There are 2 protein chains.
Amino acid sequence: MANPKILIVDDEPNIRDLLTTTLRFQGFAVQSVSNGAGTISAVLAEEPDLIVLDVMLPDMNGFSVTKRLRSAGYTSPILFLTAKDDTQDKITGLTVGGDDYVTKPFSLDEIVARINAILRRTMAKEEEAMIIAGEITMDQDTHEVKVGENTLDLSPTEFKLLRYMMLNPNRVLSKSQILDHVWEYDFNGDAGIVESYISYLRRKIDPIASEPLIQTKRGFGYMLRVPKP
Amino acid sequence: MANPKILIVDDEPNIRDLLTTTLRFQGFAVQSVSNGAGTISAVLAEEPDLIVLDVMLPDMNGFSVTKRLRSAGYTSPILFLTAKDDTQDKITGLTVGGDDYVTKPFSLDEIVARINAILRRTMAKEEEAMIIAGEITMDQDTHEVKVGENTLDLSPTEFKLLRYMMLNPNRVLSKSQILDHVWEYDFNGDAGIVESYISYLRRKIDPIASEPLIQTKRGFGYMLRVPKP
DNA sequence: GCTGGCGTTCAGGTTTCTCTCAGGAAACTG
DNA sequence: CAGTTTCCTGAGAGAAACCTGAACGCCAGC
């Protein structure tokens, strides 16, 4: 099967570029438009497998766009981008079927994970819900993480950090790389927070792992060590 | 495949020349421009496989340039050059979609290694993460170095020095040559530090190697001896 | 309103690294 | 063989990178 097609709808050029670059790098075929009016024609022309749709557009809102898409016969799922203070019922009104939403500002890791989760359900992409890295297993649907037989209890950020590392095993990841992928794109703090969270993860993983799995590569970053298969 | 094309964007002529010469010698097809305005047209005309982009340009900053490149449909990776005292949050947002950054002042070895790492991932250049020189192997992704079956634990500088020597085996490398490639370009200390680091390397390698691998060519420099295959 | 979990910052402590220097060893020169 | 040059390496000062406990504010749920 060819690469899934994704259409991005957002009026902020920064967000559009950020998403376009990231998703292209993930192997998706990406198109983007900046307003609601262009969405309909782009969808009809491209027939994307998924739409990333900002709810607040200058010319029309997510309801109108969705309504018009649905009545035009488009049935593929939509991932909505909403502001954090949007009311819950406004959001639930939008997400029917395989749809989902993430709040702005998001982290890139988050968006990619959600998109894969949706596509896993709608296209028959089997088997990818489970991430396995050595003795650690992570179920992206249930958020269950295990080291050997022991279940790990992680905070949301710990979970995302570990997921990012598990998706890039045996590779040195710099602190800013981690920051860019795991934290929200407008995070404006110090890279020291990565050190803190690495410390938290170690405290939870090391006591039950057979060996230290998170290694420090001084001067370069961190690495999740996974033995060769 | 033809040689990868690289575009260098920096306003300091010294840096431009330094990079141009080095990268041409590495076999890349190199072009260079001095400001942000010229970048767009150069990119569209040349379609480089990678851009080396100084974040601080006189006419516009790296963010603006990147933004305009991305919205012009240019998707190839960018290696950013940033000042070391730029706060980390300025760097944040840069390492997305295969992009990377190095801080000024850099070492030539560093730049070349990063460029190759990026191209390895974006163009399907497989298998080159591993550098092999006789009984020494070096994995550039995991930073793992082995002599035979034994793993070596190296400091960052030791690692870079050994990498440079492994990339130039059976060739006498003068101390100033080593200094130019392994140390940052503005380092103005004594060449004696190379002696120190050669000594460190020997102390770690010789006990587990079958024979002394680093040879002194008195009056000329050092050489990593690798038997013909 | 209270509580507890979470994200974030910060500072002290610790480890590790870089770089310099100087005395001694080795190699070359005449 | 004595003098000279070059190289080797131990010791150590200082800096950088890293780790971690503690504190604070925020927010959700009770």
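Preceding this section is the structure that the text describes.
Criteria and thresholds
- Residues numbered from 1 in each chain as written.
- Chains lettered and ligands numbered in written order.
- Predicted model: local features only at pLDDT ≥ 70, side-chain atom pairs only at ≥ 80, totals over all residues.
- Heavy atoms only, no water.
- Near = heavy atom within 4 Å.
- Polar contact = N/O pair within 3.5 Å; in protein donor to acceptor, adjacent residues only side chain to side chain.
- Helix = DSSP H or I, 4+ residues; strand = E, 2+ residues; numbered from the N terminus.
- Nonpolar A, V, L, I, M, F, W, Y, C, P; charged D, E, K, R; others polar.
- Pairing = 2+ DSSP bridges.
- Axes fitted to C-alpha atoms, helices over the stretch in contact; angles between N-to-C directions.
- Contact = heavy atoms within 4.5 Å.

S.K.: Before we move on, could you go through the protein's contact with DNA strand C and cite the residues and values that matter?
M.R.: Around DNA strand C sit 24 residues in total, of which A:Thr157, A:Trp183, B:Ser155, B:Thr157 and B:Tyr200 are the nearest. When the atoms of DNA strand C within 4 Å of the protein are sorted by group, sugar and phosphate make up 71%. In this structure, A:Thr157 approaches DNA strand C through a side-chain N or O atom, which is 2.6 Å from a phosphate oxygen. Within the side chain of B:Ser155, a nitrogen or oxygen atom sits 2.6 Å from a phosphate oxygen of DNA strand C. Of all the secondary-structure elements, those providing two or more residues to the surface near DNA strand C are helix H6 (156–167) and helix H8 (192–205) of chain A together with helix H6 (156–167) and helix H8 (192–205) of chain B. Counted by class, the surface near DNA strand C contains twelve nonpolar, eight polar and four charged residues.

S.K.: How would you summarise the sheet that holds strand S1 (residues 5–9) of chain B if you had to cite specific residues and measurements?
M.R.: Residues and elements named next belong to chain B. Judged by pairing direction, the sheet is parallel, and its five strands sit side by side in the order S2-S1-S3-S4-S5 without closing on themselves. Every other strand in the sheet has two partners, leaving strand S2 (29–33) and strand S5 (100–104) as the edge strands with one partner each. Between one strand axis and the next, the sheet turns through 20° on average, direction left out of account. Of the pairings in the sheet, the one linking strand S3 (residues 50–54) to strand S4 (residues 78–83) comprises four bridges and is parallel in character. Its bridge partner being in S4, Ile 51 is matched across the sheet by Ile 78. Packing against the sheet, helix H1 (residues 13–25) makes contact with S1, S2, S3, S4 and S5, and its axis sits at approximately 170° to S2. Contacting S3 and S4, helix H3 (residues 62–71) crosses the sheet at an angle of about 170° to S4.

By themselves, these observations are geometric and do not establish any function.
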